[in-house]
Amino acid sequence: MRKNVIRWLLLVLLLALLPVAVHAQDDISDDEVNEVAKDLYCPVCESTPLDVCPTQACADWRELIRTKLAAGDTRQDVLDYFARQYGDGVLANPPRRGISLIVLWVLPVLIVLLGGLLFFRLLRGMRVAPTAAGGPLPNPLPKGEGAPTGPLPNLFAKGEGAPTAKTGDESLDDYIARVERDLKQ
Amino acid sequence: MSETIPTTQTAVDQPAKPRRPLRLTMVLVWLAVLGLLAILGWGLLNTTAARPEVGQPAPDFDVAFFDGFGWDGRTTANLQDMRGQVVVLNFWASWCVECRDETPVLESAWQKYADQGVVVLGVAYADVEPNSLAYMDDFGVSFPHAPDLGTDISQTYEITGVPETFIIDKEGVIRHVQIGAVNEAMLDQIIPELLAQ
């Protein structure tokens, strides 16, 4: 007897809650629909988010979102459904896989890394350059047989007939003397 | 003064400068640059991919038919399965106003030519399935219909909108492309010609 009463009470309670549950499912507001729709793009007009698109196709899609939310689907369920049905291209945030992964994620990171690397190399080059300019100039004359080994002669010093500085090499001194004469003329 | 002054000769005698070893960073930089160029090139090729035109082989595709709207007792098929038949591939949508004019024409063609080796295949583009089914019910269509899952087929055929129709001959070559609605006279002219080939 007591069990029967409990059963009846439970049944009455369930019946009382049923309209509330049905009403809750039907009562999906436009804001809730648009909250999902803003992460989808219109299939017909390019680059128009679904929540602001005025076409009939988008109105149909928004109604489908409402139906799915009312049926208990989560926001992610709805987005997954649209991606499956119409392709990843309708998602405002395409999943990180395939070509989307490369173009939207790997490529920007690579570009930043590459830019950073080139910038670093440029900076390092700028640091090295002043040191080299400030140091002693290298002897432009190659070392080897017949080349002067001492300090470079002053070719522009004043003098007559003979080189102003002796290199110790007679032929070279003679050559320098002729060059000096030519320069004076 | 016959003696020459060795000047440039000594430069040749100078020991060869050792080659700089290939640095890993430079290799990576060049690899990255080549990779970027490859991706950009690939993207460029994809965006400029030409839509299939008349005289070109019709790109193959798979379809999963709507329940009750299959073809030849199948629930799935691909274009290759229809080789040997003239295929009227029609892209439509329930929200498309112009499609409402041509759906009865396509149904009429299906009734007229189905047993002569013609497949009229409707592909619902960017449509909501319940609406597609309601539309087909409204017009009482009986020819095969399938949703364009993932919009793969419409992307392959680079359609510009709906309705759009590709008529494919028995060898799988596109023989006519109709942007906008088809009409009865057009189908009655093209289909018999292709059946006769």
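Residues numbered from 1 in each chain as written. Chains lettered and ligands numbered in written order. Predicted model: local features only at pLDDT ≥ 70, side-chain atom pairs only at ≥ 80, totals over all residues. Heavy atoms only, no water.

Caption draft 1: Up close: the nonpolar core. Core analysis: the largest hydrophobic core is formed by 78 residues, its most contacted members being Ile65 and Phe82 of chain A together with Met82, Leu89, Phe91, Tyr157 and Val162 of chain B. The element best represented in this core is helix 3 (residues 56–70) of chain A, accounting for seven residues. Discounting chain neighbours no more than four positions away, the residues touching Ile65 of chain A are Val33, Val36, Ala37, Leu40, Leu50, Val78 and Phe82 of chain A. Within the second largest apolar cluster, five residues are counted, among which are Leu114 of chain A together with Val29, Ala32 and Leu36 of chain B. (Core = buried A, V, L, I, M, F, W, Y, C linked by side-chain atoms within 4.5 Å. Buried < 20%, exposed > 50% of the residue type's maximum accessible area, 1.4 Å probe, protein only. Helix = DSSP H or I, 4+ residues; strand = E, 2+ residues; numbered from the N terminus. Contact = heavy atoms within 4.5 Å.)

Caption draft 2: Local environment of the pairing of strand 4 (residues 118–124) of chain B. Residue and element names in this part refer to chain B. Counting buried residues along strand 4, seven of its seven residues qualify, which places the element largely inside the surrounding structure. Of the two faces of strand 4, the one holding Val118, Val120, Gly122 and Ala124 and the one holding Val119, Leu121 and Val123 are both buried throughout. One crossover worth recording links strand 3 (residues 86–92) to the parallel strand 4 by way of helix 3 (residues 99–113), and it is right-handed. Across three bridges, strand 4 lies against strand 5 (residues 145–147) in parallel orientation. Within strand 5, the position partnered with Ala124 by the bridge is Pro147. (Right-handed = clockwise from strand over helix to strand, strands pointing away. Pairing = 2+ DSSP bridges.)

Caption draft 3: Inspection of the state of the cysteines at higher detail. Residues and elements named next belong to chain B. Summed over the entire model, instances satisfying the criterion amount to one disulfide over all chains. Two residues, Cys96 and Cys99, share a disulfide whose sulfurs are 2.2 Å apart. Handedness here is read from the sign of the S-S torsion; for Cys96 and Cys99, about 95°, the answer is right-handed. Cys99 shares its class with Cys96; the two are buried. (Disulfide = S-S within 2.5 Å.)

Caption draft 4: Structural detail: the environment of Ala64 of chain B. Residue and element names in this part refer to chain B. Relative to the assigned elements, Ala64 resides in strand 1 (residues 62–64). Classification of Ala64 as partly exposed rests on a relative accessible area of 31%. As a C-alpha pair, Ala64 and Thr75 span eleven residues in sequence and 6.0 Å in three-dimensional space. Once residues within four sequence positions are removed from consideration, Ala64 is found in contact with Thr75, Thr76, Ala146 and Pro147.

Caption draft 5: Fine view of helix 2 (residues 30–37) of chain A. All names here are of chain A. Listed in full, the buried residues belonging to helix 2 are Val33, Val36 and Ala37. Viewed along the axis of helix 2, the buried residues span an arc of 100°, placing them on a single side of the element. Tucked inside the fold, the buried residues of helix 2 contact helix 3 and helix 4 (75–86). (Arc of directions from axis to C-beta.)

Caption draft 6: Inspection of the side chain of Gln85 of chain A at higher detail. Here Gln85 of chain A is to be found in helix 4. In this structure Gln85 of chain A touches Glu129, Asp148, Leu149, Gly150 and Thr151 of chain B, once residues within four positions along its chain are discounted.

Caption draft 7: The arrangement of the pattern of salt bridges in detail. Under the definition given, this model contains eleven salt bridges over all chains. Between Arg74 of chain B and Asp72 of chain B there is a salt bridge whose closest N-O contact spans 4.0 Å. Taking relative accessible area as the criterion, Arg74 of chain B reaches 31% and is therefore assigned partly exposed. Residues Arg74 of chain B and Asp81 of chain B are paired through a salt bridge, measuring 3.2 Å at the closest nitrogen-oxygen approach. Under the relative-accessibility criterion, Asp81 of chain B is labelled partly exposed at 32%. In this structure, a network of salt bridges that share partners links the residues Asp30, Glu63 and Arg66 of chain A. (Salt bridge = Lys/Arg side-chain N within 4 Å of Asp/Glu carboxyl O.)

Caption draft 8: The pairing of strand 7 (residues 174–179) of chain B, seen in detail. All names here are of chain B. The sheet contact formed by strand 6 (residues 164–168) and strand 7 spans five bridges and is antiparallel. Pairing of Thr165 across the sheet is with Gln178, part of strand 7. Taking the residues between adjacent antiparallel strands as the criterion, strand 6 and strand 7 are bridged by five residues, where Gly172 takes a positive phi near 85°.

Caption draft 9: Just the sheet that holds strand 7 of chain B, in detail. All names here are of chain B. Overall, mixed pairing links the five strands, which are arranged 5-4-3-6-7 in an open sheet. Every other strand in the sheet has two partners, leaving strand 5 and strand 7 as the edge strands with one partner each. Taking the axes of each pair of neighbouring strands and ignoring which way they run, one obtains an average angle of 15° across the sheet. (Axes fitted to C-alpha atoms, helices over the stretch in contact; angles between N-to-C directions.)

Caption draft 10: Layout of helix 3 of chain A. All names here are of chain A. Compared with the 21 Å implied by 1.5 Å per residue over 15 residues, the 21 Å span of helix 3 between its first and last C-alpha is a close match. With respect to burial, helix 3 is a largely interior element, eleven of its 15 residues being buried. If you check which residues of helix 3 are buried, you get Ala57, Cys58, Asp60, Trp61, Arg62, Leu64, Ile65, Arg66, Lys68, Leu69 and Ala70. Among the residues trailing helix 3, Gly72 stands out with phi positive, at a value near 100°. (Expected span 1.5 Å × (residues − 1).)

Caption draft 11: Quick look at the confidence of the model for chain A. Of all residues in chain A, 66% have pLDDT values of 70 or greater, and the mean over the chain is 77. Taken element by element, chain A is modelled with least confidence in helix 1 (residues 2–26) of chain A, mean pLDDT 60, and with most confidence in helix 2 of chain A, mean pLDDT 96. (pLDDT = per-residue confidence, 0-100.)

Caption draft 12: Layout of the packing of aromatic side chains. Going through the model one piece at a time under the given rule, you end up with eleven aromatic pairs over all chains. Pairing Phe61 of chain B with Tyr157 of chain B gives two aromatic rings, centres 5.9 Å apart and planes at 75°, and the pair type is edge-to-face. With Phe61 of chain B in the loop between helix 2 (24–47) and strand 1 and Tyr157 of chain B in the loop between helix 5 (152–156) and strand 6, this pair connects stretches of sequence that are 96 residues apart. Accessibility assignment for this pair places Phe61 of chain B and Tyr157 of chain B in one class, buried. Members of the aromatic cluster, connected to one another through ring pairs, are Trp61, Tyr81, Phe82 and Tyr86 of chain A. Geometry around Tyr81 of chain A places Lys68 of chain A over its ring, the cationic atom sitting 4.1 Å from the centre. (Phe/Tyr/Trp six-rings, centres within 6.5 Å; stacked < 30°, edge-to-face > 60°. Lys NZ or Arg CZ within 6 Å of the ring centre and 35° of its normal.)

Caption draft 13: View of the environment of Thr165 of chain B. Residues and elements named next belong to chain B. Take Thr165: it is sitting in strand 6. You can call Thr165 buried: its relative accessible area is 0%. Between the C-alpha atom of Thr165 and that of Val123, which follows or precedes it by 42 residues, the distance is 9.9 Å. Here the side chain of Thr165 touches Asn90 through a polar contact of 2.9 Å, side chain to side chain. (Polar contact = N/O pair within 3.5 Å; in protein donor to acceptor, adjacent residues only side chain to side chain.)

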